[in-house]
Amino acid sequence: MLAKVYSAAVQGVDGFEIEIEVNAAGGNNQVIVIVGLPDTAVKESKDRVTTAIQNSGFRWPKGRITINLAPADVKKEGPSFDLPIALGLIAADRQMQGIEPEVLGDFSFVGELALTGKLRPVKGILPIALEAKRSGKRALFVPAENAREASVVEGLNVYGVPNLRALCEHLSTGEGLHPTRSRFEDFFENEIDPDSDFADVKGQDHAKRAIEVAASGGHNLIFLGSPGSGKSMLSKRIPGILPPMTLDEAIETTKIHSICGLLDSKHAFVATRPFRSPHHTISDVGLLGGSTNPTPGEISLANHGVLFLDELPEFKRGTLEVMRQPLEDGSVV
């Protein structure tokens, strides 16, 4: 039987929907085929999913199983498809009472499975939640540790799932799981850092005046001075005198940090302006972003905040040259 389950992946800094088709053909020979440009982590999911399904009290469908990840021309990466694949297999084998496979099309599922059936957190949940809302999904089911981050998207019911068994019971009975709710005001109140107050700086009147002008007009700064004169200390306090982040700025910055896996259940939202201070041995890709699967670099992580290059002359010439275009255009692609 055929079952369709919807998930999402991240490309750049945005999410895009993935349709997972699972077909259990029956028969005696056990064959599992995953198609749709899966990477190694996705191919290995069949071993995790097999054990997780059995340890969750379900049976593994017999015969030839074909799993298609659409669109087929986009490479799929990471372990976040474990949960929808497992759910599709259970639905295709009609092991969930009270729910038809077609009903699963109203929801989106993301999560990595442990061998016990427990869900582990994944990266890039906020862009995925925004995509689920855009595509009109009724609810998004994510690992419990990711629920608070995804819940900042208004108009979307987000459920934190502890394990595969609990999810299947909720889908069958409508009980057991409850939507996670968050207030933006709580994020902005809890993110204030009392240790970086600009008012704590005594003296340094000329430097503070220069910083105030730069912060007001969005200008760049270069500090010259002997070691211990307070250059780094002053720089770390610049975000404290910048205007508070707007909601759109906070969501945009949180998306970037989420993709890089810098968020957790305690710090699920970036509500204060970031301060990034990369080491002078950083590579071009580390600063600008890129690699085989393009990911943000330090320039993007400092979005709407401060990028501090300590010991500027120690940076490689080529690394500094890659900053020319972002400085001129005000954006990095």
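Shown above is the structure to which this text applies.
Thresholds applied
- Residues numbered from 1 in each chain as written.
- Predicted model: local features only at pLDDT ≥ 70, side-chain atom pairs only at ≥ 80, totals over all residues.
- Heavy atoms only, no water.
- Phe/Tyr/Trp six-rings, centres within 6.5 Å; stacked < 30°, edge-to-face > 60°.
- Buried < 20%, exposed > 50% of the residue type's maximum accessible area, 1.4 Å probe, protein only.
- Lys NZ or Arg CZ within 6 Å of the ring centre and 35° of its normal.
- Pairing = 2+ DSSP bridges.
- Helix = DSSP H or I, 4+ residues; strand = E, 2+ residues; numbered from the N terminus.
- Axes fitted to C-alpha atoms, helices over the stretch in contact; angles between N-to-C directions.
- Salt bridge = Lys/Arg side-chain N within 4 Å of Asp/Glu carboxyl O.

Peer 1: Could you clarify how one ought to interpret the packing of aromatic side chains in this entry?
Peer 2: The geometry of two aromatic rings is summed up by the distance between their centres and the angle between their planes. Evaluation of the coordinates by the stated rule reveals five aromatic pairs. Centroid distance F107 to F109: 6.3 Å. Interplanar angle 75°. Geometry classified as edge-to-face. Each member of the pair F107 and F109 is classed as buried. Members of the aromatic cluster, each reached through a chain of ring pairs, are F107, F109, F141 and Y159. One cation-aromatic arrangement involves K137 over Y6; the distance from NZ or CZ to the ring centre is 4.4 Å. Positioned above the aromatic ring of F58, the side-chain terminus of R165 is 4.6 Å from the ring centre.

Peer 1: Help me understand the sheet that holds strand β5 (residues 107–109), please; the structure alone is not making it clear to me.
Peer 2: What links the strands of a sheet is backbone hydrogen bonding, and the strands pair in either a parallel or an antiparallel sense. On the basis of which strands lie adjacent, the open sheet formed by three strands has the order β5-β8-β9 and parallel pairing. At either margin of the open sheet sits one strand with a lone partner, and together these are β5 and β9 (157–161). Neighbour to neighbour, the strand axes of the sheet diverge by 20° on average, direction disregarded. In this structure, strand β8 (residues 139–143) lies alongside β9, joined through five bridges in parallel fashion. If you follow F141 over to β9, its bridge partner there is Y159.

Peer 1: Where do I start with the pattern of salt bridges in this structure?
Peer 2: A side chain of one charge can pair with a side chain of the opposite charge if their charged atoms are brought near each other. Counting across every chain of the model gives 12 salt bridges. Here R48 ties to D82 by a salt bridge, and the two come within 2.7 Å at their closest N and O atoms. Of this pair, R48 sits in helix α2 (residues 45–55) while D82 sits in helix α3 (residues 82–92), and the two are 34 residues apart along the sequence. Residue class for D82 comes out buried when judged on its relative accessible area of 1%. Residue R276 pairs with E298 through a salt bridge whose shortest N-O separation is 2.8 Å. Of this pair, R276 sits in strand β10 (residues 275–276) while E298 is found in helix α12 (residues 298–301), placing the two residues 22 residues apart along the sequence. Judged by its relative accessible area of 12%, E298 is buried.

In short, geometric facts, not functional conclusions.
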